[in-house]
Amino acid sequence: MSNMAEITHEAPLILIVDDDPASVHQLNGLSRGLGRVRFCMSGEEALRMVREQRPDIVLLDMELPGISGEETCAALRQHLEPAELPIIVITAHGHPAREARALALGASDFIIKPFNPPVARARIETHLALKRRTDELLHLTQTDELTSLANRRMFDRVLDREWKRSLRNHIPLALLMIDVDHFKAYNDAHGHLQGDQSLQRVAIAMREVSKRAGDHVSRYGGEEFAMLLPHTSLHDAAAVAERLHQAIRACDLPHLAASATGRVTISIGASALEFPPRPDADGRPQERNTLLPMTSSSLVGAADLALYQAKAFGRNQTALRGLDASVD
């Protein structure tokens, strides 16, 4: 699950992208003791590894087969800002114009071949230290203090990014808006301290349900939470919602003011942006064109309406509302 810039005790992950075994060996030696090292030999593989393993720094050779180092750098910068992923370019051509172009594409720094070991290691150390401090700052500014989930500011940022990615790649994006039922009555009956502890337990349950790397759980405000699910259809979002209901039931939190169950329950509104295929003349599926009068707020609005329906129909249930991104 990816909720925010998380602080971990693991050694930083260093990704070396170079098709020259001698350079990989040297860079591995320069990085010894600074973190865990992984390597790959192409830009395509680098993009996949960054997506799956999220390194703390990338040492990227400019001379790569297939996708060039410049193209790889530009592709990484489409999704990750320099503060999120430092990229140190490895080049044997220390020409100012080439360096300027790499910086314009998003490179953070350079290491020139043949390597000057003390200088190269110092550059890697410097950017790892900056990344660590940035992660600590982001953790403070993007984390809800009570639940340790991402806060509303972080949710808005991730929603914008995932919405754009969904449109660009024509992949579904689902959102669950989750409300703890009768929470004001809970505070009145049990006290605000107990109410805070109940929200913390609910947050833990949501984190346990949301286990995929791209899933994002946040505290939206008060007793309301949001779960953003990339690559998820409305049908699959409904299955996640059911697991959330089960997880909250398993918490078995007493609720003296809830006459129906006597336990804490949740209501969920689920929505999803989907791209259904359209058959061509031969009956084969064909990608639809999209011309959307919608924004990311449309997804939030649809999930909010579904949540309102779930509460109006008696709470402790899920209502669904889809968004069709296709046009004829």
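Residues numbered from 1 in each chain as written. Predicted model: local features only at pLDDT ≥ 70, side-chain atom pairs only at ≥ 80, totals over all residues. Heavy atoms only, no water.

## Some thoughts on the sheet that holds strand β3 (residues 57-61)
Alright, step 1. One open sheet accounts for five strands, arranged β2-β1-β3-β4-β5; its pairing is parallel. Strand pairing shows two members of the sheet lacking a second neighbour, β2 (36-40) and β5 (109-112), which therefore form its edges. When strand polarity is set aside, the average angle formed by the axes of neighbouring strands in this sheet is 20°.
Alright, step 2. The strands touched by helix α1 (residues 21-30) within the sheet are β1 (13-17), β2, β3 and β4 (87-91), with β1 carrying the most contacts at an inclination of about 160°. (Pairing = 2+ DSSP bridges. Helix = DSSP H or I, 4+ residues; strand = E, 2+ residues; numbered from the N terminus. Axes fitted to C-alpha atoms, helices over the stretch in contact; angles between N-to-C directions. Contact = heavy atoms within 4.5 Å.)

## As for the nonpolar core
Alright, step 1. Formed by 31 residues in total, the largest nonpolar core has its most connected members in Leu176, Ile178, Phe225, Met227 and Leu244.
Alright, step 2. Looking at this core, the elements with two or more residues in it are β6 (173-180), α7 (183-190), α8 (192-209), β8 (224-230), α9 (234-251) and β9 (266-274).
Alright, step 3. Of all the elements, α9 adds the most residues to this core, at eight residues. (Core = buried A, V, L, I, M, F, W, Y, C linked by side-chain atoms within 4.5 Å. Buried < 20%, exposed > 50% of the residue type's maximum accessible area, 1.4 Å probe, protein only.)

## A word on the confidence of the model for the protein chain
Alright, step 1. When pLDDT is averaged across the protein chain, the result is 89; 90% of the residues are at 70 or more.
Alright, step 2. Mean pLDDT across the secondary structure elements of the protein chain bottoms out at strand β11 (residues 285-286), with 44, and peaks at β6, with 98.
Alright, step 3. Between residues 2-6, whose pLDDT stays under 50, and residues either more than four places distant or in other chains, the model counts 23 contacts.
Alright, step 4. Counting contacts from residues 285-291, a segment whose pLDDT is below 50, to residues more than four positions away or on other chains yields 23 contacts. (pLDDT = per-residue confidence, 0-100.)

## Considering the pairing of β8
Alright, step 1. The element β8 is largely enclosed, with a buried count of seven among its seven residues.
Alright, step 2. Alternating positions in β8 separate into two faces, Glu224, Ala226, Leu228 and Pro230 on one and Phe225, Met227 and Leu229 on the other, with burial throughout.
Alright, step 3. As defined by bridge partners, β6 adjoins β8 across seven bridges and the pair is classed as antiparallel. Note that in β8 the partner of aspartate 179 across the bridge is glutamate 224.
Alright, step 4. Direction of pairing for strand β7 (residues 216-221) relative to β8: antiparallel, over a ladder of five bridges. Following the sheet pairing, arginine 219 is matched in β8 by phenylalanine 225.
Alright, step 5. Remark: two residues form the turn of the hairpin made by β7 and β8, two consecutive strands paired antiparallel; glycine 222 in that turn has positive phi of roughly 55°.

## Looking at empty space enclosed by the protein
Alright, step 1. Applying the stated criterion to the full structure yields one cavity of 30 Å³ or more.
Alright, step 2. Of the pockets and cavities examined, the largest cavity occupies roughly 30 Å³.
Alright, step 3. Taken together, Glu162, Arg165, Ser166, Ile171, Pro172, Leu173, Pro230 and His231 make up the lining of the largest cavity.
Alright, step 4. Broken down by element, the residue count for the lining of the largest cavity peaks at three residues, all from helix α6 (residues 152-169).
Alright, step 5. Here the residues of the lining of the largest cavity are counted per class, giving four nonpolar, two polar and two charged. (1 Å grid on protein atoms, 1.4 Å probe; cavity = no way out; pocket = protein on both sides within 12 Å on 5 of 7 lines; lining within 4 Å. Points joined across faces, edges and corners; volume = space filled by probe spheres on them. Nonpolar A, V, L, I, M, F, W, Y, C, P; charged D, E, K, R; others polar.)

## Considerations on the pattern of salt bridges
Alright, step 1. Tallied over the full model, the rule gives 21 salt bridges.
Alright, step 2. A salt bridge links arginine 152 to aspartate 156; the shortest N-O distance between them is 3.2 Å. On the criterion of helical spacing, the pair formed by arginine 152 and aspartate 156 is a turn pair, its members being four residues apart in helix α6. (Salt bridge = Lys/Arg side-chain N within 4 Å of Asp/Glu carboxyl O.)

## Observations regarding α9
Alright, step 1. Between its first and last C-alpha atoms α9 spans 26 Å; for 18 residues at 1.5 Å apiece the expected length is 26 Å, and the two agree.
Alright, step 2. By the burial criterion, the buried members of α9 are Leu234, Ala237, Val240, Ala241, Leu244, His245, Ala247, Ile248 and Cys251. Seen end-on, α9 carries its buried residues on one side only, within an arc spanning 165°. Pointing more than 90 degrees away from the buried face of α9 are the exposed residues His235 and Ala250.
Alright, step 3. Two residues or fewer after α9 comes aspartate 252, characterised by a positive phi angle close to 55°. (Expected span 1.5 Å × (residues − 1). Arc of directions from axis to C-beta.)

## Considerations on unusual backbone geometry
Only a minority of non-glycine residues have a phi that is not negative, and only a minority of peptide bonds are not trans.
Alright, step 1. Cis rather than trans, the peptide bond between lysine 113 and proline 114 has omega equal to -10°.
Alright, step 2. Its identity as a non-glycine residue notwithstanding, histidine 231 has a phi of 55°, on the positive side.

## Some thoughts on the packing of aromatic side chains
Alright, step 1. Per the stated rule, a full pass over the model turns up two aromatic pairs.
Alright, step 2. With centroids separated by 5.4 Å and ring planes inclined at 85°, the aromatic side chains of phenylalanine 155 and tyrosine 220 adopt a geometry described as edge-to-face. Highlighted residues: phenylalanine 155 in helix α6 and tyrosine 220 in strand β7, separated in sequence by 65 residues.
Alright, step 3. The interplanar angle of 5° and the centroid separation of 5.9 Å between the aromatic rings of phenylalanine 183 and tyrosine 186 together place this pair among those described as stacked. On the criterion of helical spacing, the pair formed by phenylalanine 183 and tyrosine 186 is a turn pair, its members being three residues apart in helix α7. (Phe/Tyr/Trp six-rings, centres within 6.5 Å; stacked < 30°, edge-to-face > 60°.)

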